[in-house]
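Chains, contacts and geometry: an overview
Next come the chains, spelled out residue by residue.
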Amino acid sequence: MPNDPYLDASVRWKIQSGHALLREPRYREVVEFVTESGLATEVLRLIGSGKEADVYLARDGATLVAVKVYRTYRTANQVHRTMKLDAIGHLASWEFELLTYAWSDGAPVPRPLKREEHAFAMQYVGTVDHPAPRLKDVAGIDMETLAPRVVAAVERLVEAGVVHTDLSPYNILVDRQTPWIIDVGKCLRVDRLGAPPWLKVHQAREALTAGAQHLARFFAGRGVRLDAASLVERWGHSIERFGRFSSAA
Ligand SMILES: Nc1ncnc2c1ncn2[C@@H]1O[C@H](COP(=O)(O)OP(=O)(O)O)[C@@H](O)[C@H]1O
Ligand SMILES: [Mg+2]
C-alpha cells in the first residue's frame, strides 16, 4: 500500500520512545533550549517568524546575536486523512554551513557563530530596539545609491560560490546603507559542481533570473531602473568558469 508506513522508521521510533514532541516547543521551551545549549545567554524577543523557522533577538554575554530556530517538523501532505510529517530540523545545519561558507569568503551575510541541533546563532544586524529593516521596508534611504549596493552584494555572494534561490526584498536587510543577505538555507553551492554540472548551472541561472526579476520590479516601483537580463549576465559571470552559463537558458 502506498504511504504505509506513513512516517519513516526513525520518526516512528522517536514517537514510540518518547523522543519526539508531536507539537512544536513553546516560547519558554525555546528559551530554555537556546540558553542551555549555549547558543546565547539570554533571549530578548521573537523578531521574525516564517513557515519553517523563528528568529529571536538574543544576547550572548554583552553581544547581541540573532538565533534562528527551525521547526522540527513540517506537514508534508495528507494521505487518507493521515498527517505526513517531514523532519526539517536538519535544514539548520545546511543553512549554517552555507552561511559559514559564504561568510568565510567575504560575502555580505551575517557572521555564523554556533549551531546546536535545529538552531544556530549568527551576527545580529540592527540595534537593540529594531532589527535592520528588510529591503522591502526601508524608508528614508536614497534608492539610487542603494540599488547598486544591493546588486554588488548579490554579486559578491555568487563570487563566493553561493546562489540564493529565494532572493527578494524580504531576504535582504539594510543596515543604514549596507545590504546584508540573509536566509541562505536554500542556496545552491556552485563552487564545486558535482555531476551533472550543467543541471546546477541551469538551476543557478533560473534562481538568478527570478532574483533579478524580483529586485528589478522592486526598484522600478521606487523609480530606479535595473535591467534584469543584464543583472543575470553580470552575476553569472563568475559561474561562467564552469562553462555553459550563458548557453544554459
Ligand atoms: N541576522 C539577523 N539580524 C537581524 N534580523 C534578522 C537576522 N536574521 C533574520 N532576521 C529577521 O528575521 C526574519 C526572518 O528571517 P529569515 O532568515 O528570512 O527566516 P525565514 O526562513 O522565516 O524567512 C527576517 O525577515 C529578519 O527580520
Ligand atoms: Mg526569509
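All of the points below concern the structure found in this document. Small disclaimer: the values here were computed from a predicted structure and weren't measured. (Residues numbered from 1 in each chain as written. Chains lettered and ligands numbered in written order. Predicted model: local features only at pLDDT ≥ 70, side-chain atom pairs only at ≥ 80, totals over all residues.)

Attention now goes to the overall build of the protein. Each helix and strand in the protein was counted, giving 6 helices and 11 strands. Expressed as a percentage of the 249 residues in the protein, the buried residues total 32%. Residue pairs at least 24 apart in sequence account for 56% of intrachain contacts in the protein once pairs closer than 6 positions are excluded. (Helix = DSSP H or I, 4+ residues; strand = E, 2+ residues; numbered from the N terminus. Buried ≥ 20, exposed ≤ 12 C-beta atoms within 10 Å, placed from the backbone. Contact = placed C-beta atoms within 7 Å.)

For the pair helix α5 (residues 197-220) and helix α6 (residues 228-236), interaxial distance at closest approach is 9 Å and the crossing angle is 135°. Between α5 and α6, the angle is such that the two are oblique. α5 and α6 meet at a crossing whose hand is right-handed. Taken together, the residues of α6 that come into contact with α5 (itself represented by R205, L208, T209, A212, Q213 and A216) are A228, L231, V232, W235 and G236. Tallied by class, the residues present in the contact of α5 with α6 amount to 7 nonpolar, 3 polar and 1 charged. (Axes fitted to C-alpha atoms, helices over the stretch in contact; angles between N-to-C directions. Parallel < 35°, antiparallel > 145°, perpendicular 65-115°, else oblique. Left-handed = near helix turned anticlockwise from the far one by under 90°. Nonpolar A, V, L, I, M, F, W, Y, C, P; charged D, E, K, R; others polar.)

Here we take up the packing of helix α4 (residues 143-159) against α6. Direction vectors running N to C along α4 and α6 enclose 35°, while the axes themselves pass 9 Å from each other. Crossing of α4 against α6: the hand is right-handed. Counting all contacts with α4, which are made through V151, V154, E155 and V158, the residues of α6 involved are L231, R234 and W235. Looking at the contact of α4 with α6 residue by residue, the classes come out as 5 nonpolar, no polar and 2 charged.

Attention now moves to the site of ligand 1. Around ligand 1 lies a shell of 21 residues, among which G48, G50, V55, P131 and D183 are the nearest. Looking at the shell around ligand 1, the elements that each hand over two or more residues are β1 (42-49), β2 (53-60), β3 (63-70) and β7 (119-123). Of the residues that constitute the shell around ligand 1, the class distribution is 12 nonpolar, 5 polar and 4 charged. Residues from two domains meet in the shell around ligand 1; each of domain 1 (9-123) and domain 2 (135-242) gives at least three. (Near = placed C-beta within 6 Å. Domains from an automatic or database assignment.)

All right, on to unusual backbone geometry then. Leaving glycine aside, a negative phi is the common case for residues, and trans is the common case for peptide bonds. Located in the positive-phi region is R176, a residue other than glycine, with phi close to 55°. On the secondary structure map, R176 appears in the loop between β9 (172-175) and β10 (178-181). In this structure R176 comes out as exposed when scored by C-beta crowding, with 7 C-beta atoms within 10 Å. Phi at D183 is positive, roughly 60°, even though this residue is not glycine. With respect to the helices and strands, D183 occurs in the loop between β10 and β11 (188-189). Note on D183: 23 C-beta atoms within 10 Å, which makes it buried.

Let's shift gears to the nonpolar core. Most often, soluble globular proteins have nonpolar side chains that are buried together. Residues V65, V67, A102, V162 and V184 are the most contacted members of the largest nonpolar core, which totals 61 residues. Per-element accounting of this core gives the leading share, 9 residues, to α5. In this structure, A102 is in contact with A107, V109, L157, A160, V162 and V184, ignoring residues within four places of it in sequence. (Core = buried A, V, L, I, M, F, W, Y, C linked by C-beta atoms within 7 Å.)

This part is about the sheet that holds β3. The sheet built from 5 strands is open, its strands ordered β1-β2-β3-β7-β6 with antiparallel pairing. Looking along the sheet, the strands with just one partner apiece sit at the ends: β1 and β6 (112-116). Strand-to-strand twist in this sheet, taken as the mean axis angle between neighbours without regard to direction, amounts to 25°. Summarising the sheet, β3 and β7 pair through 5 bridges and their orientation is antiparallel. Its bridge partner being in β7, K68 is matched across the sheet by F120. (Pairing = 2+ DSSP bridges.)

What follows is about α5. Helix length check: α5, at 24 residues, gives a terminal C-alpha distance of 34 Å against a target of 34 Å (1.5 Å per residue), a fit within 8%. Within α5, the full set of buried residues consists of K200, V201, A204, R205, A207, L208, G211, A212, L215, A216, F218 and F219. Its buried side turned inward, α5 meets α4, β8 (162-163), β11 and α6. (Expected span 1.5 Å × (residues − 1).)

Here we take up the pairing of β6. As paired elements, β6 and β7 share 4 bridges and run antiparallel to each other. Within the sheet, the bridge partner assigned to E116 lies in β7 and is A119. Hairpin connection of β6 to β7: 2 residues between the antiparallel strands, including E117 at a positive phi of 45°.

Now for the environment of F120. One can find F120 in strand β7. A tally of 25 C-beta atoms within 10 Å means that F120 is categorised as buried. Along the sequence, F120 and F96 sit 24 residues apart, while their C-alpha atoms lie 6.9 Å from each other. Those residues in contact with F120, other than ones at most four positions away along the chain, are K68, A92, F96, P112, K114 and R115.

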